[in-house]
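Chain residues, written in single-letter form:
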Amino acid sequence: MDPKLDSEGDGLSDSIEYLFGTSPTAFTAQPLRLTSLPTAGDATLHLSFSRRAGITRPAYTYQTGGDLLQWNTNENVTEIVLSSQITDGVATETIDAAILVPKADANFVRILWQP
Ligand SMILES: [Ca+2]
């Protein structure tokens, strides 16, 4: 399987759709939702997303960066399972990830998944 194959052309590879528990054959809206940004007093941002049940870190990692060229693995992440559900036979969990972001890395965040 080509890990970069995007069967329906929604911009998400089939492999990342496996992680998110979304369909590789039906358009998926952006699965990552930025739910809060760092503030002057709290350098934590929050991401919310669905994740296939049973796949946990370190199978995937969080990376942050100041530009889109240099990415740094960020271990300062606390995940909370907000809910669990089964959709079209796929068990997923909705995750809130609290990511402590160094000021120099505050511009971008991504999830790196290398199945
Ligand atoms: Ca896709």
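All chains use their own residue numbering, which begins from 1 and follows the written sequence. This being a predicted model, a pLDDT of at least 70 is required before a residue's local features are given, and a value of 80 or more before pairs of side-chain atoms are given or counted; all residues contribute to the totals for chains, interfaces and linings.

**Comments concerning the pairing of strand β5 (residues 77-87)**
With respect to burial, β5 is a largely exposed element, only 0 of its 11 residues being buried. Pairing between two strands is assigned when DSSP locates at least 2 bridges connecting them. Secondary structure elements are taken from DSSP: a helix is a run of H or I of four residues or more, a strand is a run of E of two residues or more, and numbering for both begins at the N terminus. Looking at chain direction, β5 and strand β6 (residues 90-100) are connected through 10 bridges and run antiparallel. Within the sheet, the bridge partner assigned to Gln85 lies in β6 and is Thr92. Adjacent in sequence and paired antiparallel, β5 and β6 are bridged by 2 residues, among which Asp88 carries a positive phi angle near 50°. Exposure classification rests on a simple neighbour count of other C-beta atoms within 10 Å of a residue's own: a residue reaching 20 or more is buried, one at 12 or fewer is exposed, and one in between is partly exposed. C-beta atoms are placed from the backbone.

**Quick word on the sheet that holds strand β3 (residues 60-65)**
Strand pairing in a sheet is mediated by backbone hydrogen bonds. Such pairs are either parallel or antiparallel. One open sheet holds the 3 strands; their spatial order is β4-β3-β7, and the pairing between them is antiparallel. A strand with exactly one partner marks an edge of an open sheet, and here the two such strands are β4 (72-73) and β7 (108-113). Sheet topology note: the β3/β4 ladder contains 2 bridges and is antiparallel. Among the inter-strand pairings, Gln63 is bridged to a residue of β4, identified as Thr73.

**Focus on the environment of Ala40**
Secondary-structure assignment places Ala40 in the loop between β1 (33-36) and β2 (44-52). A sequence separation of 35 residues divides Ala40 from Leu5, and the C-alpha atoms of the two residues are 40 Å apart.

**Here's the deal with unusual backbone geometry**
The omega torsion across Arg57 and Pro58 is 10°, close enough to zero to call that bond cis. Turning to its location among the elements, Pro58 is positioned in the loop between β2 and β3. Of note in this structure, Asp88 is not a glycine but carries a positive phi near 50°. Tracing the backbone shows Asp88 in the loop between β5 and β6.

**As for the sheet that holds β6**
Strand order in this open sheet of 4 strands is β1-β2-β6-β5, and the pairing throughout is antiparallel. Both outer strands of the open sheet, β1 and β5, are each paired with one neighbouring strand and no more. Between one strand axis and the next, the sheet turns by 25° as a mean value, whatever way the strands run. Fitted lines through C-alpha atoms serve as axes, helices being fitted only where they are in contact, and the angles separating the N-to-C directions of these axes extend from 0 to 180 degrees.

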